[in-house]
Amino acid sequence: MTPTRDVLARGQPLRLLSGGAGTVGELLGSGGQGSVYAVDTAGRRLALKWYHPHVALADVTLRARIARMVRQGPPAPNFVWPLDFAEIAGSPSFGYIMPVISSDRRELKDLFAPPPRGINPSLYIRAAACFDIATSFQRLHATGYCYQDINFGGFFIDAERGTIQICDADNIAIDGEPGGVYGTRKFMAPEVVRREALPSTKTDLYSMAVLFFYMIFNWHPLDGRREAQASIMDQALERKLYGEEPCFLFDPHSDANGPVPKVHDWVVARWAAMTDRMRTLFTRVFTQGLSRVQDRPIESEWRSALAHLRESIVDCPACGFSHGVDGAMVQRGCSCVSCGAAVPLPPQLNFGRDPLLLTPRRKIFEYQMGGGYIVNEEPPVGSVESHPRDPAILGLQNVGKAVWAARTADGTKMTIAPGKTVRVVDGIAVNFGLREGTVSGVPSAAASLGSAA
Ligand SMILES: [Zn+2]
């Protein structure tokens, strides 16, 4: 490879705006905007994004954007945010210092790569990762920024924990101010594809929903029959499918772009195994939300639906296919959408809306008993524990501060002080202080063992 004139040499000294200094280390990666190097600043290993000189010249607001981000600091800790401005004596370009992506992170696009590079995390991990993204974007948007160019390249996943790091922060702009980009194909909102609007928080909400659909279904929400039957995908067709005449794969009012047998079978199965809350949000954003930006779900709606999905997943005992279990599925009984086997459900705690599944080690939060609106940093009030000698027997431990009152189906009353546990039996009603929930769906073998606390 012939070195181009903007390649930095190892050991080259750089100057930081804050007054510090550092030296350039090895090249970590290179892209259209610039290159990323390891850098040593006062013994601390960080990364340096160094712009190609033509980018630094052409993007006239870039310098001011980076400087403002350095001043304001990251809206959430998982943004790989510019920490300091970097310059090199005699160079026409500039760059910024940022944290290094942890080595245990994988690129999100590895979800779509074939083995051995590909990763296939569980639905639980996927829902957790989407939740993390929704939380981060809620904070980003609340500080007046928009990301502008949501696509796989900006996200790194910890596939064991479902946490996300968000990079490519240099595309982030103040909402309403023109930034440097339109976006990435298939992620752009239809009005951006048509060049009728510039990226904004409203188009971010669309692109985020596309990303979530990809992460949960491994598929694009607008790729149905029309894309499957297209012989060639040229610019005109792409503009039509994602800009001029977008149509959701699962549009309840139109089969024009519906699923094709054999091509979309897996996506159809996962859609059938989704909670109604998730289907409702996806349907809203990819039907009326295609044209009415105010109808696109906001981050708090996604967070509630995703947190609910994450705690509602039950796997088929025969084939392992994951199901998001909600009230409707409990009512009709769960048979696997993939292989048809009966899927036994854990006991449920009912408050009138979707039941809370009582799976071992699950934590119960006050907000889950009501409308499901998530309160940050709220400690759990209950914890589901299995009996040390018989894992089939479950108990609900009071890990909060209030004393619970409980009443069994035969009318026996008891109180459960903080630290104590009540056995999970059919028909028992537990008053947690503000709300009362009733247990149902306990397998008869465990229920016959009585209700002693
Ligand atoms: Zn199955």
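Here the structure is a predicted model, which means the values were calculated and not measured.

Draft legend 1. Just the overall build of the protein chain, in detail. The helix and strand inventory of the protein chain stands at 13 helices and 23 strands. Structurally, the protein chain occupies a C-alpha span of about 85 × 55 × 40 Å along its principal axes. When burial is assessed residue by residue, the protein chain has 39% of its 453 residues classed as buried. Counting contacts in the protein chain only where the partners sit at least 6 residues apart, residues at least 24 apart contribute 54% of the total.

Draft legend 2. Quick look at the domain arrangement of the protein chain. Looking at the protein chain, the domain boundaries give domain 1 (13–98), domain 2 (106–309) and domain 3 (346–447). Counting residues at the interface gives 13 residues for domain 1, matched by 16 residues for domain 2. It is helix H2 (residues 62–72) that contributes the most residues to the side of domain 1 that touches domain 2, four residues altogether. Per-class residue counts for the side of domain 1 that touches domain 2 are nine nonpolar, one polar and three charged.

Draft legend 3. Representation of H2 within the structure. For H2, the set of buried residues is Arg65, Ile66 and Met69. Buried residues of H2, viewed axially, fall in a sector of 95 degrees; they line one side. Of the exposed residues in H2, those oriented more than 90 degrees away from the buried face are Ala64 and Arg71. On its buried side, H2 packs onto strand E5 (84–87), strand E6 (95–98) and strand E11 (173–174). Note on H2: the residue one or two positions beyond its end, Gly73, has a positive phi of about 80 degrees.

Draft legend 4. The packing of helix H3 (residues 123–142) against helix H5 (residues 201–217), seen in detail. Their axes nearest at 10 Å, the elements H3 and H5 cross at an angle of 170 degrees. Classified by the angle between their axes, H3 and H5 sit roughly antiparallel to one another. Contacts between H3 and H5 involve Arg126, Ala129, Cys130, Ile133, Phe137 and His141 from the former and Thr201, Asp204, Met208, Phe212, Met215 and Ile216 from the latter. Within the contact of H3 with H5, the residues separate by chemical class into eight nonpolar, two polar and two charged.

Scoring rules and cut-offs
Residues numbered from 1 in each chain as written. Predicted model: local features only at pLDDT ≥ 70, side-chain atom pairs only at ≥ 80, totals over all residues. Helix = DSSP H or I, 4+ residues; strand = E, 2+ residues; numbered from the N terminus. Buried ≥ 20, exposed ≤ 12 C-beta atoms within 10 Å, placed from the backbone. Contact = placed C-beta atoms within 7 Å. Domains from an automatic or database assignment. Nonpolar A, V, L, I, M, F, W, Y, C, P; charged D, E, K, R; others polar. Arc of directions from axis to C-beta. Axes fitted to C-alpha atoms, helices over the stretch in contact; angles between N-to-C directions. Parallel < 35°, antiparallel > 145°, perpendicular 65-115°, else oblique.

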